[in-house]
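# Reading the structure
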Amino acid sequence: MAMSRSLPDDQPAPVRLYGEHLAGDPAELYRSVRSEFGGVAPALLDGDIPAWLVVGYREVHTVTSTPRLFARDCRRWNMWDEIPDDWPLLPFVGWAPSVMFTEGTEHRRRAGAIGDALDAVDRTDLKTICERVADRLIDDFATDGQADLIEQYATRIPIGVIARSFGISEEDTPALVQDIADSLDVAEKANAAHERNHARMQDLVRARRARPSEDVPSRMIAHPAGLEDEEIVMDLLVVLAAAQQPTANWIGNALRLMLADDEFSLALQGGRASVGQALTEVLWEDTPTQNFIGRWAVQDCEVGGQRVRKGDLLILGLAAANMDPRIRPDARAGAGNRAHLSFGQGEHGCPFPAPELAEIIARTAIEVLLDRIPDVGLGVPSGELRWRPSLWMRGLFSLPARFTPATRVTRPG
């Protein structure tokens, strides 16, 4: 397959971003890539499709902050003629009429409506909703003395909370959670799950158009941006997907850190500051979104010493950028250091106030768990915990926990 670029003869071979070697330590992979190539590395995706992996903090910042050179519309890609219909990464790069692939004025119109609708969410109400969702989940395993805090807790909280802010009923939420997870899969079931979620959002928007309520879809319908129904449907799907797995992994990764690392043992006695420290450290060390596809070069240009051709795909190495020794001279980031790139950056970064709302959900979920089960501990040796072998997301297969059986104390309402 012809490459869309030419590399110097003395440059090392491109790094393959697929295969069994990805099951190892991602930090070591990023260090190796940075050592060989600097801030931007030639890479090969499944089927040896060429791309650029941007691993430098400054380089990621440049790519995300310069839309005149690196844009979001994937239809710019110069490799579309080489992409088969069954390419496993197609769900990540296939164009859709959502806010994800808009640019310029159109992006500001769509993203502004999302941001305003989310900003109207009452923070106190959100925390209360999260407490209730968390309590109900804990009630399901509190008397068992053991639980998988990934499957039974972390993965069920974000959509359980977001669904309420969308006006989705509790009884409809479990199926939505499963379909959101399946729609992010690269397997065949992804398409069917996406179609079901699309139909759900269409029904929801039609219902809110006929009878508005105090929820996110109603606020997007009433927004001065004048969004069409299908625009709202597509953008609600983006919010759902962006809220679910990254936030679930943020909760799960922070719980792993707190249960497996002695430095965070105070959290097990209700040390609130430690919860915030754990959440911040996870964003630096085990950020849920490791790599993101991406940006496409608007014209021939240079970044990180590499010659990038018009239409080339650039993958944002968010985790690698957070580990860049040029901005991380210390082994551990300080609790108050929010300069990480875990939520992206620039006009296509995670829109305000989504990171704030995600943090309220994650912090509340952990605090409720520690309040309800203060002696929670790992149910297996920490060395037995296994990360999912994904280049894109960082999360555990499971997080077994043991504790003294507790009682059901679900909050009213």
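Please refer to the structure placed before this passage.
Every chain is numbered independently, its residues counted from 1 as its sequence is written. The predicted nature of this model means local features are confined to residues of pLDDT at least 70 and side-chain atom pairs, given and counted, to a pLDDT of 80 or more, with totals for whole chains, interfaces and linings taken over all residues. The basis for every side-chain value is the complete set of heavy atoms in the structure, and neither hydrogens nor water enter the calculation.

## Focus: unusual backbone geometry
Only a minority of non-glycine residues have a phi that is not negative, and only a minority of peptide bonds are not trans. The line we're drawing: Only DSSP runs of H or I with at least four residues qualify as helices, and only runs of E with at least two residues qualify as strands; both kinds are numbered from the N terminus onward. Relative accessibility decides the category of a residue: with a 1.4 Å probe and only protein chains considered, values under 20% of the type maximum give buried, values over 50% give exposed, and everything between is partly exposed.
Of the consecutive residues isoleucine 293 and glycine 294, the connecting peptide bond is found in the cis state with omega at -5 degrees. By the secondary structure assignment, glycine 294 is in strand β6 (residues 292-297). Residue proline 353 is reached from phenylalanine 352 by a cis peptide bond, and omega for that bond is 5 degrees. Locating proline 353 in the fold gives a position in the loop between α12 (318-322) and α13 (354-372). Its identity is not glycine, yet aspartate 48 carries a phi of approximately 60 degrees, on the positive side. A relative accessible area of 26% means that aspartate 48 is categorised as partly exposed.

## Quick notes on the environment of leucine 341
The condition is simple: Two residues qualify as a contact provided that any one of their heavy atoms is within 4.5 Å of a heavy atom in the partner residue.
Its place among the elements puts leucine 341 in the loop between α12 and α13. Setting aside anything within four residues of it in sequence, one finds leucine 341 in contact with Tyr57, Val60, Leu318, Ala321 and Asn322.

## Let's talk about the packing of aromatic side chains
Inclusion rule: Think of it this way: a Phe, Tyr or Trp ring, Trp meaning its six-membered ring, pairs with another when their centres are within 6.5 Å, and the plane angle makes it stacked under 30 degrees, edge-to-face over 60, tilted otherwise. For a Lys NZ or an Arg CZ to count as sitting over a ring, it must be within 6 Å of the ring centre and within 35 degrees of the ring normal.
For the structure shown, the criterion picks out 6 aromatic pairs. Ring geometry for tryptophan 77 and tryptophan 87: centres 5.8 Å apart, planes at 45 degrees, overall tilted. Of the two residues, tryptophan 77 sits in the loop between β4 (70-71) and α3 (90-93) while tryptophan 87 sits in the loop between β4 and α3, which places them 10 residues apart along the sequence. Overall, the relative accessible area of 5% leaves tryptophan 77 in the buried class. Judged by its relative accessible area of 5%, tryptophan 87 falls in the buried class. Members of the aromatic cluster, connected to one another through ring pairs, are Trp77, Trp80 and Trp87. A cation over an aromatic ring shows up here: arginine 394 above the ring of tryptophan 387, its NZ or CZ 3.6 Å from the ring centre.

## Thoughts on the sheet that holds strand β2 (residues 40-45)
Note the cut-off: By definition, two strands form a pair when at least two bridges between them are found by DSSP. Axis geometry follows a simple rule: fit a line to the C-alpha atoms, using only the stretch in contact for helices, then measure angles between N-to-C directions, giving values from 0 to 180 degrees.
With respect to topology, 6 strands assemble into an open sheet ordered β1-β2-β3-β9-β6-β4, the strand pairing being mixed. With one partner strand each, in any of the chains shown, β1 (15-16) and β4 form the two edges of the open sheet. Where strand β3 (residues 49-54) lies against strand β9 (residues 313-316), 3 bridges are found, and the strand directions are parallel. Within β9, the position partnered with tryptophan 52 by the bridge is leucine 314. Packed onto the sheet, helix α1 (residues 26-37) meets β1, β2 and β3 and runs at close to 120 degrees relative to β2.

## With respect to the pattern of salt bridges
The following threshold applies: Only one rule defines a salt bridge in this text: a Lys or Arg side-chain nitrogen within 4 Å of an Asp or Glu carboxyl oxygen.
Counted according to the given criterion, the structure contains 30 salt bridges. Arginine 110 is the salt-bridge partner of glutamate 231, the closest N and O atoms lying 3.7 Å from each other. Taken together, the residues span a long stretch of sequence, with glutamate 231 in helix α10 (residues 229-260) and arginine 110 in helix α4 (residues 104-119) at a distance of 121 residues. No difference in accessibility class separates glutamate 231 from arginine 110, as the two residues are buried. The shortest N-O distance in the salt bridge between aspartate 135 and arginine 372 comes to 2.6 Å. Here aspartate 135, found in helix α5 (residues 123-141), pairs with arginine 372, found in helix α13; they are 237 residues apart in sequence, far enough to count as distant. There is no split in this pair, since aspartate 135 and arginine 372 are both buried. The network of salt bridges with common partners includes Glu106, Arg109, Arg110, Glu231 and Asp235.

## Comments concerning the pairing of β3
Put simply, side chains in a regular strand alternate between the two faces of the sheet. Counting buried positions along β3 yields 6 of 6 residues, so the element is predominantly enclosed. What you see with β3 is no split at all: Ile49, Ala51 and Leu53 on one side and Pro50, Trp52 and Val54 on the other are buried throughout. Bridge count for β2 against β3 is 6 bridges, and the pairing is antiparallel. Among the inter-strand pairings, alanine 41 is bridged to a residue of β3, identified as leucine 53. Between β2 and the antiparallel strand that follows it, β3, lie 3 residues; glycine 47 among them carries a positive phi value of about 75 degrees.

## Examining the pairing of β2
Which entries qualify depends on this criterion: Orient the strands so they point away from the viewer, and a crossover whose first-strand-to-second-strand path over the helix runs clockwise is right-handed.
Burial within β2 is extensive, with 6 of its 6 residues counted as buried. Pairing geometry for β1 and β2, over 2 bridges, is parallel. For arginine 16, the partnering residue across the bridge sits in β2 and is leucine 44. Regarding the hand of the β-α-β motif, the stretch spanning β1, α1 and β2 is right-handed.

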